[in-house]
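# Summary of the model geometry
Residues per chain, in single letters:
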Amino acid sequence: MPLPSSRTRWVSDFFSYETTKSVVVKSWVVGVVNRSVQLLILAYFVGWVFLHEKAYQVRDTAIESSVVTKVKGVGRYAGQVMDTADYITPPQGTSVFVVVTKQIRTEDQAQGVCPESEAAFHCSADRDCRELSPGTSNGLLTGRCVRYNATLRTCEIQGWCPPEVDTVDVPVMLEAENFTLLIKNSIRFPLFGFEKTNLPPPGSGVELGRCRFHPQLQPLCPILRLGDVARLAGQDFPALAATGGVLGIKIGWVCDLDRAWELCLPRYSFTRLDSLARTPAPGYNFRHARYYRWPNGSEHRTLIKAFGIRFDVLVYGSAGKFGIVPTLINTVAAFTSIGVGTVLCDIILLNFLKGAEHYKARKFEEVPEADMPATPASPTACAPGALGTCSRDKQSTDSGTFSLGL
């Protein structure tokens with residue numbers, strides 16, 4: 001029993017075979033578009049992919065890094081001479097440290113009960129204190145309204161007394177602007193076993209003890225003046241020292257290991273990391289305490305609210321070296337992408353140029369298996385200008401390419 005015609009057509013289409021047919025179109029417009037697209041693609045791969053992005057290299061972005069810092073400088077604050085042990089925290093010389101520039105001290109605190117100092121806890125009777133949240137920034141409310149001074153009453157707290165008053169005006173240690181920071185940074189790219197440090201090697205012309213970093217004159221000196229760091233980050237040092245803030249020192253290692261070892265050099269950049277836009281509590285501060293005991297055994301402490309500039313040393317980088325695999329992959333991608341010009345030209349020919357229907361007839365041809373035409377003994381000549389009315393059959397020596405003059 002024969003199959004229905006629709007099923008027969010489906011089976012015939014399924015087992016059909018498509019092969020490429022070459023048609024040479026003699027058209028200046030299409031030829032210019034084709035070569036222009038190919039030239040642009042080739043220029044992109046050569047100029048951007050290979051030369052700029054170095055896509056022929058194997059890259060290692062898993063940089064291993066260690067940072068050691070050391071600050072030097074002596075300043076005067078509140079009648080005292082302060083050295084690094086007084087104003088640097090933590091003292092271990094890590095990649096994150098704080099230079100304290102202002103302090104509010106609350107001396108001789110001891111555990112007990114006392115009136116709260118904050119304005120939000122003013123009261124006239126005990127019931128005013130019982131209606132409030134039991135906890136404050138200085139202690140726990142006892143529920144009593146007590147005398148703070150001759151004219152003011154506040155809620156009583158239990159905790160470290162006397163409570164802190166952080167609204168007082170205190171000086172700023174502006175000498176910190178001239179303090180110096182030494183950064184010792186060692187890096188390693190494990191994929192290539194490459195190691196280096198930011199310290200200038202002997203014979204480089206940089207005298208470590210006397211140089212100071214400058215982005216143009218001394219870009220490799222690892223000793224930085226704190227005032228210069230703030231300025232290069234776009235900040236005013238006195239204002240920053242008064243409120244506190246967070247500055248980032250970024251060290252970038254972007255190395256081409258196909259070149260000499262000495263050409264892998266660090267690049268320094270600076271920025272402020274804490275945002276000032278729409279910040280309810282701008283600046284940077286923290287509290288810490290120093291504890292001691294009196295001869296009678298009672299414990300006391302000095303509470304310090306410290307304002308300062310926090311420095312974060314951030315290290316990033318990547319290294320590249322020639323590799324045959326990425327070179328082959330990107331070379332193949334380049335030659336494959338050149339075929340985009342053919343697709344664009346086909347769109348123009350099939351849709352926009354005069355003679356598009358004739359081009360479609362030449363480009364897409366269906367040849368049934370049982371109706372293969374016999375090859376004539378000699379080609380048929382075509383009259384000049386006969387575009388859609390004349391054709392030349394292929395000889396046995398033809399390459400399979402048709403030539404159309406558009």
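As the structure is a prediction and not an experimental result, all values here were calculated from the model.

For the second largest pocket, the calculated volume is near 490 Å³. For the second largest pocket, the lining is made up of 22 residues, of which Val-254, Cys-255, Leu-263, Leu-265 and Arg-267 are closest to its centre. Of all elements in the fold, only β2 (57-60), β13 (245-256) and β14 (267-272) reach the threshold of two or more residues within the lining of the second largest pocket. No other element matches β13, which puts five residues into the lining of the second largest pocket. For the lining of the second largest pocket, the residue count by class is 13 nonpolar, three polar and six charged.

On to the environment of Gln-103, then. With respect to the helices and strands, Gln-103 occurs in strand β7 (residues 96-115). Excluding anything up to four places from it in sequence, Gln-103 contacts Tyr-77, Met-82, Asp-86, Val-170, Ile-304 and Lys-305. For Gln-103, the side chain forms a polar contact with the side chain of Arg-105, separated by 3.2 Å.

When the pLDDT values of the chain are averaged, the result is 84; 86% of them are 70 or greater. Here residues 377-381 is a poorly scored stretch, pLDDT under 50, and it has five contacts once near neighbours within four places are set aside; other chains count. Throughout residues 384-405 the model reports pLDDT below 50, and contacts reaching past four residues in sequence, or to other chains, amount to 42 contacts.

Here we come to the packing of aromatic side chains. Applying the stated rule across the entire model yields nine aromatic pairs. Summarising the aromatic geometry, the rings of Tyr-56 and Phe-322 are spaced 6.3 Å apart at their centres and angled 40° between planes, so their arrangement reads as tilted. With a gap of 266 residues between them, Tyr-56 in the loop between α2 (28-52) and β2 and Phe-322 in strand β16 (residues 299-322) connect regions that are remote in the sequence. Relative accessible area serves as the criterion here: at 22%, Tyr-56 is assigned to the partly exposed category. Taking NZ or CZ as reference, Lys-102 lies 4.3 Å from the ring centre of Phe-307, over its face. A cation over an aromatic ring shows up here: Lys-196 above the ring of Trp-261, its NZ or CZ 4.4 Å from the ring centre.

On to unusual backbone geometry. Here the residue pair Thr-89 and Pro-90 is connected by a cis peptide bond, since its omega of -10° sits within 30 degrees of zero. Position of Pro-90 among the secondary structure elements: in the loop between β6 (88-89) and β7. Cis geometry is adopted by the peptide bond preceding Pro-162, which originates at Cys-161 and carries an omega value of 0°. If you check the backbone angles, Ala-78 has positive phi at about 55° while not being a glycine. Judged by relative accessible area, which is 61%, Ala-78 ranks as exposed.

Before going further, it helps to spend a moment on the state of the cysteines. Scanning all chains against the criterion turns up five disulfides. A sulfur-sulfur separation of 2.1 Å characterises the disulfide bridge that pairs Cys-129 with Cys-155. Judged by the sign of its S-S torsion, about -100°, the bond between Cys-129 and Cys-155 is left-handed. Of this pair, Cys-129 sits in helix α4 (residues 126-130) while Cys-155 sits in strand β9 (residues 153-161), and the two are 26 residues apart along the sequence. Comparing Cys-129 with Cys-155, the two get one shared label, buried. Disulfide pairing places Cys-211 opposite Cys-221 at an S-S distance of 2.0 Å. On the sign convention where negative means left-handed, the S-S torsion of about 80° between Cys-211 and Cys-221 marks this disulfide as right-handed. Of this pair, Cys-211 sits in the loop between β11 (194-197) and β12 (223-225) while Cys-221 sits in the loop between β11 and β12, placing them ten residues apart in sequence. For Cys-211, a relative accessible area of 7% puts it in the buried group.

In terms of burial, β9 is a largely internal element, seven of the nine residues being buried. Note that β7 and β9 share six bridges and pair antiparallel. When the sheet's bridge partners are listed, Gly-112 is paired in β9 with Gly-159. With six bridges connecting them, strand β8 (residues 139-147) and β9 associate as antiparallel partners. Looking at β9, one finds that Leu-141 is bridged to Ile-157. Between the antiparallel neighbours β8 and β9 lie five residues.

Core analysis: the biggest nonpolar cluster contains 48 residues, and Tyr-87 and Phe-311 have the highest contact counts within it. Per-element accounting of this core gives the leading share, seven residues, to β16. When near neighbours in sequence (up to four residues on either side) are disregarded, Phe-311 contacts Ser-95, Val-96, Phe-97, Val-99, Leu-226, Val-229, Leu-247 and Ile-249. Counting nine residues, the second largest nonpolar core, distinct from the first, contains Cys-129, Cys-145, Cys-155 and Cys-161.

Turning our eyes to something else, we now look at the environment of Ser-65. With respect to the secondary-structure elements, Ser-65 resides in strand β3 (residues 64-72). Classification of Ser-65 by relative accessible area gives partly exposed; the value is 39%. For the pair Ser-65 and Lys-196, spaced 131 residues apart in sequence, the C-alpha separation works out to 9.9 Å. Sequence-distant contacts of Ser-65, that is, excluding residues within four places in its chain, are made with Asn-185, Ser-186, Ile-187 and Val-315. One polar contact links Ser-65 to Asn-185, side chain to side chain, over a distance of 3.0 Å.

The next thing to look at is the packing of α2 against helix α7 (residues 324-337). Axis separation between α2 and α7 bottoms out at 9 Å; the angle between their running directions is 155°. In this view, α2 runs roughly antiparallel relative to α7, as classed from their interaxial angle. Taken as a pair, α2 and α7 cross one another with a handedness that is right-handed. Contact residues: Ile-41, Phe-45, Val-49 and Phe-50 in α2; Thr-327, Asn-330, Thr-331, Ala-333, Ala-334 and Ser-337 in α7. Along the lines of polarity and charge, the residues of the contact of α2 with α7 split into six nonpolar, four polar and no charged.

Reading guide: rules and limits
Residues numbered from 1 in each chain as written. Predicted model: local features only at pLDDT ≥ 70, side-chain atom pairs only at ≥ 80, totals over all residues. Heavy atoms only, no water. 1 Å grid on protein atoms, 1.4 Å probe; cavity = no way out; pocket = protein on both sides within 12 Å on 5 of 7 lines; lining within 4 Å. Points joined across faces, edges and corners; volume = space filled by probe spheres on them. Helix = DSSP H or I, 4+ residues; strand = E, 2+ residues; numbered from the N terminus. Nonpolar A, V, L, I, M, F, W, Y, C, P; charged D, E, K, R; others polar. Contact = heavy atoms within 4.5 Å. Polar contact = N/O pair within 3.5 Å; in protein donor to acceptor, adjacent residues only side chain to side chain. pLDDT = per-residue confidence, 0-100. Phe/Tyr/Trp six-rings, centres within 6.5 Å; stacked < 30°, edge-to-face > 60°. Buried < 20%, exposed > 50% of the residue type's maximum accessible area, 1.4 Å probe, protein only. Lys NZ or Arg CZ within 6 Å of the ring centre and 35° of its normal. Disulfide = S-S within 2.5 Å. Pairing = 2+ DSSP bridges. Core = buried A, V, L, I, M, F, W, Y, C linked by side-chain atoms within 4.5 Å. Axes fitted to C-alpha atoms, helices over the stretch in contact; angles between N-to-C directions. Parallel < 35°, antiparallel > 145°, perpendicular 65-115°, else oblique. Left-handed = near helix turned anticlockwise from the far one by under 90°.

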